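Fold and geometry: a report
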Amino acid sequence: MKKNIYDAFFSDLIHLFPSINDNLNLKEYSHLNHLLENSHSEEHKNRQKTLFKNYIKKILQNKQLNIYDKTLLNMCRNSLRSFNYDFELFPITHQENLVISIMELSAEHSIISFSKKSDYQNVVKKLENLECITNTIILNMNKGIEKKMTLPKIIAVKLLDQFISFKKNKSYKNNNIKLKLDFDFNNIVEKLILPSLNKMIDFLKNKYVKNCRNSIGLCGLKNGESMYKFIVKNTTSLNSITIESIHNYGLREIKRIHKEMMDIKEQHNFKGTLKEFSKHLKKLDRYKFKNKSDVIKTYQNEILFINNNIINKLFYKKVKNIDCKVKPVPSYNEEFSAEAYYIPGDLDNKRKGTFYVNMRNIKENNKLEVESLTLHEANPGHHYQLTYVNESKSIPMFLKIDGSEAYMEGWALYCESLGEYKNNESYFGKLILEMIRALRLVVDTGIHYYNWDYNKTFNYYKKFSFDSDNQIHTQILRYISIPGQALSYKIGEKVIFDLYKKESKKLNFNIKKFHEKILENGAVPLFLLKEKFSNK
């Protein structure tokens, strides 16, 4: 009986957000594939509120709630609470750009498979709603100007650059049309996209940027501190956590990681600074990539090694589609993208899960971080966990599409600790990445709660980071753009490590069983994961 409420919720949700099926590619909802919701409109927001209120009532009719009931209840309540804040007044950034995402549907790197004529026709129909969606986004951003609730100017400028770059590169164009069509797909797409693209560029250039605020944190906005507190609890999925405790944990972790790095430097009898030691290692021929194809091949080999060794040793073989593709980040998006990221496959594995590596500057890529990055993005990190969820027959569909980010990023970061790291140079590479995650705790809270300006943030980050100035700038823009997201990694990892420390002290502890217990229900909120392990 309980399964029915999850199926009913998912069905109502996907009818409200038909674009969900662009990712999932479910046959039973293929009749929605030509639709595209205007999720930022008042009418759509009211329908969302009604949906969440209805399901809160339905769930609370049950006397006993299982882990999925509690997860759905938490999801509905947090979604409703989000409407108490003015998030819709800054609906897009260069990191989360709905307009660009819609325009990309037509390109050859789209999430749409383009295996049949109707796929092309459906994309055209979706794009017919682009103008309406763009108008709503501009309307909301205009309201933000009136209320003095805008993006930071530094982010608005980056957003404008992204749109200009997208237009210049014609990144909406499909250069790999697989079928003979009786219509000019690219021509129709361009006619549908260019008016909205030009409108967005004109609005940002001539009105929005000049009205933006100079502060960079949410705390620079009216009610911004309250907004950030909501985001932190929602993102970490921990009810009792405080921003002060997160900031202080970050400071402690930076100190610990720095000491471990110093120990490795001393083991090498290196006399210079830590940064000089890092540069020394990266200049060694064995850690340099020859070219872009060498980057892809190196990561592919690492995935193969992990699959044959670490997975067999630490996990039950419950993931069938364990192979993960490796691709370069599309060139048009290199400037705006993270150093690496993962895009999951669809439910029937027709579209494979893919690990993307940014190669905007091949000289800044190195093999020191290959082991830890592969553990994080591919197996047993994101690819393994998300494929496990996709293949599960028991995890409800609503949780397959919207799991806890702190769980998912925490799991991926925890997985970096499962590597073999046969030499301390490779482990140093792991620590370089871990230092970034620890810095995020201090910097994110610094920007959005403690009112750090850009210079203070940059200087603090540079003091402990091993990134170039350009990489640091890109990272800081990300943290400004997506408040709270950067907390997910270390906070999620800490919860899993704490559970591991507690469980591993028990008699007959089995690491495979521990990992199975973490994975079996999907990416549930962290407070429920902790509750699950506390239940006898």
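Here goes a summary of the coordinates provided. Every chain's residues receive numbers from 1 upward, in the order its sequence appears when written. Residues qualify for local features only when their pLDDT is at least 70, as the model is predicted, and side-chain atom pairs are given and counted only at 80 or more; totals for whole chains, interfaces and linings, by contrast, use all residues. Values reported for side chains reflect all heavy atoms of the structure, with hydrogen atoms and water molecules removed beforehand.

1. Concerning the overall build of the protein chain
Convention followed: Only runs of H or I of at least four residues qualify as helices and only runs of E of at least two qualify as strands under DSSP, and these elements are numbered from the N terminus. We compute the radius of gyration from the C-alpha atoms alone; for a globule the expected value is 2.2 Å times N to the 0.38, where N is the number of residues. When accessible area is computed with a 1.4 Å probe and restricted to protein chains, residues below 20% of their type maximum are described as buried, those above 50% as exposed, and intermediate ones as partly exposed. Whether two residues are in contact is decided by their heavy atoms: any pair within 4.5 Å suffices. With residues, only the protein chains shown are counted as cover, and all accessible areas are computed by Shrake-Rupley using a 1.4 Å probe. Think of it this way: Lys and Arg go in the positive column, Asp and Glu in the negative one, and His and the chain ends go nowhere. Here the site of a charge means atom NZ of a Lys, CZ of an Arg, CG of an Asp or CD of a Glu.
A count of helical and extended segments in the protein chain gives 24 helices and three strands. Against the globule reference of 24 Å for 536 residues, the protein chain gives a C-alpha radius of gyration of 23 Å, in line with a compact fold. Its C-alpha atoms give the protein chain principal-axis dimensions of roughly 65 × 55 × 55 Å. Per-residue burial for the protein chain yields a buried fraction of 56% across its 536 residues. Look at the contacts in the protein chain between residues 6 or more apart in sequence, and 77% of them connect residues 24 or more apart. Just so you have it, the protein chain exposes about 24,400 Å², and 49% of that area is on carbon and sulfur atoms. Here the protein chain contributes 86 positively and 60 negatively charged side chains, and the mean placements of these two sets differ by 2 Å.

2. Digging into helix α8 (residues 153-168)
Note the threshold: The span one expects for a helix is its residue count, reduced by one, times 1.5 Å.
Here α8 spans 22 Å end to end across 16 residues, near enough to the 22 Å set by a 1.5 Å rise per residue. Listed as buried for α8 are I155, A156, K158, L159, L160, Q162, F163, S165 and F166. Positive backbone phi, approximately 50°, marks K170, located one or two places after α8.

3. Re the sheet that holds strand β2 (residues 340-343)
Let me state the cut-off plainly: In this scheme, strands are said to pair when DSSP sees at least two bridges between them. Only the stretch in contact is used when fitting a helix axis, every axis being a line fitted to C-alpha atoms; angles between N-to-C directions are given from 0 to 180 degrees.
Taken in spatial order, the three strands of this open sheet run β1-β3-β2, and their pairing is mixed. Each having just a single partner strand, β1 (325-328) and β2 make up the two edges of the open sheet. Going across the sheet, the axis of each strand differs from the next one's by a mean of 25°, ignoring polarity. Taken together, the four bridges between β1 and strand β3 (residues 354-357) define a ladder with parallel strand orientation.

4. Considerations on unusual backbone geometry
Cis geometry marks the peptide bond from N379 to P380; its omega dihedral reads 0°. One can find P380 in the loop between α15 (370-377) and α16 (382-391). Despite not being glycine, K148 shows a phi value in the positive range, around 60°. By secondary structure assignment, the location of K148 is in the loop between α7 (130-147) and α8. Phi at N223 takes a positive value of approximately 65°, unusual for a residue other than glycine. Among the structural elements, N223 can be located in the loop between α9 (185-208) and α10 (224-236).

5. Points about the pattern of salt bridges
Note the cut-off: Salt bridge, as applied in this entry: a Lys or Arg side-chain nitrogen positioned within 4 Å of an Asp or Glu carboxyl oxygen.
By the definition in use, this model includes 30 salt bridges. K126 is paired through a salt bridge with D22; the nearest N and O atoms lie 3.0 Å apart. One end of the pair, K126, is in helix α6 (residues 117-127); the other, D22, is in helix α2 (residues 20-24), with 104 residues separating them in the sequence. Pair check on accessibility: K126 and D22 agree, each one buried. We note a salt bridge from E43 to R47, for which the minimum N-O separation is 3.7 Å. Highlighted residues: E43 and R47, both in helix α3 (residues 42-60), separated by four residues, approximately one helical turn. The partly exposed category is assigned to E43, whose relative accessible area is 49%. Put simply, E253, R256, E260, K430, E434, K490 and E493 are held in one network by salt bridges that share partners.

6. Focus on the side chain of N366
The condition that has to hold: Two N or O atoms count as a polar contact when they lie within 3.5 Å, although within protein this holds only if one can serve as hydrogen donor and the other as acceptor, and sequence-adjacent residues are included solely when both atoms are side-chain atoms.
Residue position: N366 is located in the loop between β3 and α15. A polar side-chain atom of N366 sits 2.8 Å from the main-chain amide nitrogen of L368. Dropping the residues within four chain positions of it, N366 is found in contact with K282, Y287 and F289.

7. Points about the environment of L499
Structurally, the position occupied by L499 is in helix α22 (residues 488-503). Those residues in contact with L499, other than ones at most four positions away along the chain, are F514, I518, L529, K530 and F533.

8. Side note on the pairing of β2
Burial along β2 is one-sided: A340 and Y342 are buried, and none of Y341 and I343, which face the opposite way, are. As judged from the four bridges shared by β2 and β3, these two strands associate in the antiparallel manner. When the bridges of β3 are listed, I343 appears paired with T354.

9. Focus: the packing of helix α20 (residues 454-464) against helix α21 (residues 469-481)
Under the convention used in this document: Orientation labels follow simple angle bins: below 35 degrees gives roughly parallel, above 145 gives roughly antiparallel, 65 to 115 gives roughly perpendicular, and whatever is left gives oblique. A clockwise turn of the near helix away from the far one marks a right-handed crossing, whereas an anticlockwise turn of less than a right angle marks a left-handed crossing.
Direction vectors running N to C along α20 and α21 enclose 125°, while the axes themselves pass 10 Å from each other. In terms of their interaxial angle, α20 and α21 are classed as oblique. Considering only the axes of α20 and α21, their crossing is right-handed. Where α20 approaches α21, its residues Y454, T457, F458, Y461 and K462 are matched on the opposing element by D469, I472, H473, Q475, I476 and Y479.

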